[in-house]
Amino acid sequence: MIKLFKFLILFLLPLMLWSQKSERNLNSEKWSFKKTSDADWLPAEVPGTVHTDLFTNKIIPNPFFGSNEKQLQWIEDEDWEYQLSFKVSKEELKNQNIVLQFDGLDTYANVSLNGKTILEANNMFRTWKVSIKNHLKVGKNNLKIVFKSAVEIGKEEAKKLPYTLPEKERIFIRKAQYQFGWDWAPRFVTAGIWKPVKLVFWNDATIEHVKYDQEELNETIAKLNFRTTINCQKEGNYIFKINETQKAVELKKGANTIVFPYEIKNPKLWWTNGLGKANLYPFEISLSKSNVQLSIKKLNIGLRTIELVQENDNIGKSFYFKLNGKPVFMKGANYVPADSFLPRISSQNYKTLVKNAVDANMNMLRVWGGGIYENDAFYDECDKNGILVWQDFMFACAMYPGDSDFLDNVKNEVIDNVNRLQNHPSIALWCGNNENDEGWKNWGWQKQFNYSKQDSTQIWNDYQTVFHELIPNTLDSLLSKKENRYWPSSPSIGWGKKESLTQGDSHYWGVWWGKEPFEIYKKKVGRFMSEYGFQGMPNLETLEKVIQKEDLNFTSEAFKNHQKHPTGFETINEYMARDFPVPKSFEKYNYVSQILQAHGMKIAIEAHRLAKPYCMGTLYWQLNDCWPVTSWSTLDYYGKWKASHYQVKESFAPTLLIVKENASGLSVFGTNDTIETQTGIITAKLIDFSGIELWTISKQCSLATEINTNCLDILFSDIPIFVKEKTLLQVEFICKNKKTVAYHYFVKPKELQLEKPTIEMKIVGETLIELKANTLVKNLYLQANNTFFKENYFDLVTGNPKIIKVDKASESIKMISLFDVLNE
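Here we summarise the structure given alongside this text. (Residues numbered from 1 in each chain as written. Predicted model: local features only at pLDDT ≥ 70, side-chain atom pairs only at ≥ 80, totals over all residues. Heavy atoms only, no water.)

### Things to note about the overall build of the protein
Okay, step 1: The helix and strand inventory of the protein stands at 17 helices and 41 strands.
Okay, step 2: Relative to a compact globule of 824 residues, whose C-alpha radius of gyration would be 28 Å, the protein shows 29 Å and is just as compact.
Okay, step 3: Each of the three principal axes of the protein carries a C-alpha extent, and together these read 95 × 65 × 65 Å.
Okay, step 4: Counting only residues that meet the buried cut, the protein has 57% of its 824 residues in that class.
Okay, step 5: When the accessible surface of the protein is summed, it comes to about 34700 Å², and 49% of that surface belongs to carbon and sulfur atoms.
Okay, step 6: Looking at charge distribution, the protein has the averaged site of its 101 positive side-chain charges lying 4 Å from that of its 97 negative ones. (Helix = DSSP H or I, 4+ residues; strand = E, 2+ residues; numbered from the N terminus. Rg over C-alpha atoms; globule rule 2.2 N^0.38 Å. Buried < 20%, exposed > 50% of the residue type's maximum accessible area, 1.4 Å probe, protein only. Areas by Shrake-Rupley, 256 points an atom, 1.4 Å probe, with all protein chains shown as cover. Lys, Arg positive; Asp, Glu negative; His and termini not counted. Charge placed at Lys NZ, Arg CZ, Asp CG, Glu CD.)

Now the structure itself:
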């Protein structure tokens, strides 16, 4: 018996291990890097970037601090080298196949192993796999990667054209475009091994890719067809298994496709946030031979149907999404990369970002085309939380070349990323680019660059080739008809054109860029608003992390460097003066800039929701930041909520009351984005700021789901005369003990006649505080160290005590309100 046991250990176990597919992570090995012209090697982190490695080694200062960005531009012009010595054992070398896999190389990389070039990479967005068994040896192996300057290569590529394309060198480089600088992003053109690198060992056969088609879905059954691509080294009989169901398959040498039907009885559907649970079914797909598992893939599947509906009507053409047969009003934001230095984004960062979207009642995020195809962890969180994803391909605000090498590179980029992402139930739409079509037709590039007719024809033909031929044709080859939802460019028509509001999706920038008043949002409503927004400063504590206190003023270079729009504060000042007092102190200006942004967002979102079902989506610009900056984001770089994010949470609530004022009176509308009609009592009260009720009315009201409901019409002639500067309308809708509240003011915030409030606060629970006041407190901002308030920047109305949930209750809470600014 003992001899038999020794036999098993010494002979069969090594054979089993040799047969199994395994991976060896090279991230944690001892990497080093240097500038090509330097002699000394320094420690490096993988995944990482040149900038972060230089910072870790104290060669450069914090890139985000002050105006350091300006003195670090030399980094992009240099070539950089990374190297690693790693050992390979005799047992590892016995594997039939050994693959070196780079999940991401940024961007132009020459990879050599033991002195021989094995790869020339030229695309940050692709996965690179190289078979290296014949290049390895037992013992020490030397891996070297030389990163050429992407900027210099881009400039050389630009010289090959007889004309100049917009946006200079960046458009030739398949790399995150925002890293070249944007009106919210610094210029840090990175290089490095930005995603994991590993050795993959496999024998006999391995699963390369799994996708599935949803053939049928109803209340009683879901019928799926799994299509699995297998690379077979040794032909013969194998066991293919999906969860607990298996079958014998015969594989030939080379590529094999296994089609495997699978049924789920009484399926639970995947729903978006606010409509139901995002139900997921875990699947494990494996391949084995002689009772030894050779390869395995895991994925989570959400059972749902998604349609993009575009139908002609008497105004133009609809643009909305149906989920499981139900039209859904999309509420969300545009998402940008969460850091200028991408490897610093952790799985926890993704969880927090998506949670912040969920907590603000969102159901869709648009992954903007100037960033990256996001990490799997991002889409996993969207899958789990019912957040649909509008996925741009990575092209933004420019025209791109159309030579054969570029097209081939883009095609492989599309294949890599669609194969990686297509099984995520959160993917709602594939979009070709951001604003390229609009830029060409509306931004005056032809005149700016003095294109000839021949030049213009060539540039437009190249555009057509990429976005109307190559990408959609590639999608046709990868996706089933049901899952192939493609939109060539966002927006489809520029914001200056009448048709932009009657069909397709709209980017409306009359507010901010056009400096039109916030009220224009009520008139400029399209079928699906996929971009609009306004800037607001981040919290002071955020700015203090990257700017010295003495530099927190509008004239310092450090502060100005953290505003990337050329007329950013000029525009903020102009809008602030229209509606709010313009504070003298920096701290109060910071506060008012935030409530100004929130004010604009409220007007826009209410206008979009009030137009349902004509308008069926509102995605503001932008959710987040890649560094600490004054921008359009509602979450700052550190994930702190601005006033606008609190406002978005309220404006995106499933049930919302909207008060519309005209010359003769008021109309109160209810919008309901839940799956069932809400019936309850609606009450409107006219009250003065001290809490005295001047007039009231109540009635029963039912809020339908697919259209808005006009709940109340109030004529000014039917209510007592009141002082507009000292009075508000409070509207409540109570359904099944759930209360929805809205406040309407009759004058601009700067015209309100506010009294100095006395605010009473008491702790009523471990994480609860209660607030009440003797007079209206407008836009009350609560601040305490390391404390998150579930509600903030709210109106505290006399007679309506407010209970706020906090991370931890504290009596040392700093408060500021609009009264403090009006009486500065």
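### Focus: the packing of aromatic side chains
Okay, step 1: This model, assessed by the stated rule, comprises 65 aromatic pairs.
Okay, step 2: Ring centres 5.7 Å apart and planes at 20 degrees place the aromatic pair Phe64 and Phe341 in the stacked group. Here the residue Phe64 occupies a position in the loop between helix H2 (50–56) and helix H3 (68–71), and Phe341 occupies one in the loop between strand S21 (330–335) and helix H6 (347–359), the gap between them amounting to 277 residues. Each member of the pair, Phe64 as well as Phe341, carries the same accessibility label: buried.
Okay, step 3: Between Tyr335 and Phe378 the ring centres are 4.7 Å apart and the planes differ by 35 degrees, which places this aromatic pair in the tilted class. Here Tyr335 is found in strand S21, whereas its partner Phe378 is found in helix H7 (residues 376–385), with 43 residues between them in sequence. This pair shows no difference in class: Tyr335 is buried, exactly as Phe378 is.
Okay, step 4: Taken together, the ring pairs connect Phe64, Phe188, Phe341, Trp627, Tyr637 and Tyr638 into an aromatic cluster.
Okay, step 5: Seen from the ring of Phe716, Lys724 lies directly overhead, with NZ or CZ sitting 5.8 Å from the centre. (Phe/Tyr/Trp six-rings, centres within 6.5 Å; stacked < 30°, edge-to-face > 60°. Lys NZ or Arg CZ within 6 Å of the ring centre and 35° of its normal.)

### Section: unusual backbone geometry
Negative phi values dominate among residues other than glycine, just as trans dominates among peptide bonds.
Okay, step 1: A cis amide bond links Val46 with the next residue in sequence, Pro47, at an omega value of -5 degrees.
Okay, step 2: Along the chain, Pro47 falls in the loop between strand S3 (42–44) and H2.
Okay, step 3: Unusually for a residue other than glycine, Glu435 sits at a positive phi of about 65 degrees.
Okay, step 4: With respect to the secondary-structure elements, Glu435 resides in the loop between strand S24 (427–431) and helix H9 (436–442).

### Regarding the pairing of strand S19 (residues 320–323)
Okay, step 1: Here strand S18 (residues 306–309) runs beside S19; their pairing, made up of 4 bridges, is antiparallel. By the bridge assignment, Ile306 is partnered in S19 with Leu323.
Okay, step 2: Pairing of S19 with strand S20 (residues 326–328) involves 3 bridges; the strand directions are antiparallel. Looking at S20, one finds that Leu323 is bridged to Lys326.
Okay, step 3: Between S19 and S20, which pair antiparallel and follow one another directly, the connecting turn spans 2 residues, one of which, Asn324, has a positive phi of 50 degrees. (Pairing = 2+ DSSP bridges.)

### Examining the sheet that holds strand S9 (residues 139–147)
Okay, step 1: Reading across from one edge, S3-S2-S4-S9-S6-S7 is the order of the 6 strands in this open sheet, with antiparallel pairing throughout. Lying at the two open borders of the sheet, with one neighbouring strand each, are S3 and strand S7 (116–122). Taken pair by pair, the neighbouring strands of this sheet meet at an average axis angle of 25 degrees, ignoring direction.
Okay, step 2: For strand S2 (residues 31–35) and strand S4 (residues 80–88), the ladder comprises 4 bridges, and the chain directions are antiparallel. Bridging across to S4, Ser32 finds its partner in Gln83. (Axes fitted to C-alpha atoms, helices over the stretch in contact; angles between N-to-C directions.)

### Side note on the nonpolar core
Among soluble globular proteins, nonpolar side chains are generally buried collectively.
Okay, step 1: Formed by 190 residues in total, the largest nonpolar core has its most connected members in Phe102 and Leu105.
Okay, step 2: With 12 residues, the single largest contributor to this core is helix H15 (residues 586–610).
Okay, step 3: Ignoring any residue separated from it by four or fewer positions in sequence, one finds Leu105 in contact with Val111, Leu119, Ala121, Asn123, Met124, Trp128, Ile145, Phe147, Gly192, Ile193 and Trp194.
Okay, step 4: In this structure, Ala205, Ile230, Val249 and Leu299 belong to the second largest nonpolar core, which totals 26 residues. (Core = buried A, V, L, I, M, F, W, Y, C linked by side-chain atoms within 4.5 Å. Contact = heavy atoms within 4.5 Å.)

### Some remarks on the packing of helix H8 (residues 404–421) against helix H11 (residues 453–478)
Okay, step 1: It is the contact of H8 with H11, at a shortest axis distance of 10 Å, that shows an interaxial angle of 40 degrees. In terms of their interaxial angle, H8 and H11 are classed as oblique. Here H8 runs over H11; the crossing is right-handed. Here Leu407, Val410, Lys411, Val414, Ile415, Val418 and Asn419 of H8 come into contact with H11, specifically with Thr465, Val466, Leu470, Ile471, Thr474, Leu475 and Leu478.
Okay, step 2: In the contact of H8 with H11, the residues fall into 10 nonpolar, 3 polar and 1 charged. (Parallel < 35°, antiparallel > 145°, perpendicular 65-115°, else oblique. Left-handed = near helix turned anticlockwise from the far one by under 90°. Nonpolar A, V, L, I, M, F, W, Y, C, P; charged D, E, K, R; others polar.)

### Some words on the pattern of salt bridges
Okay, step 1: In total, this model carries 45 salt bridges according to the counting rule given.
Okay, step 2: In this structure, Lys148 engages Asp79 in a salt bridge whose closest nitrogen and oxygen atoms are separated by 3.0 Å. Of this pair, Lys148 sits in the loop between S9 and helix H5 (150–159) while Asp79 is found in the loop between H3 and S4, placing the two residues 69 residues apart along the sequence.
Okay, step 3: If you follow the salt bridges from partner to partner, you end up with Lys331, Arg609, Lys612 and Asp673 in one network. (Salt bridge = Lys/Arg side-chain N within 4 Å of Asp/Glu carboxyl O.)

### Quick look at the side chain of Gln422
Okay, step 1: Secondary-structure assignment places Gln422 in the loop between H8 and S24.
Okay, step 2: A relative accessible area of 14% places Gln422 in the buried class.
Okay, step 3: Within polar-contact distance, the side chain of Gln422 engages the side chain of His209 at 3.0 Å.
Okay, step 4: If we ignore the near neighbours within four places in the chain, the residues touching Gln422 are His209, Lys211, Trp430, Leu478 and Leu479. (Polar contact = N/O pair within 3.5 Å; in protein donor to acceptor, adjacent residues only side chain to side chain.)

Limitation: the analysis is restricted to geometry and does not speak to function.
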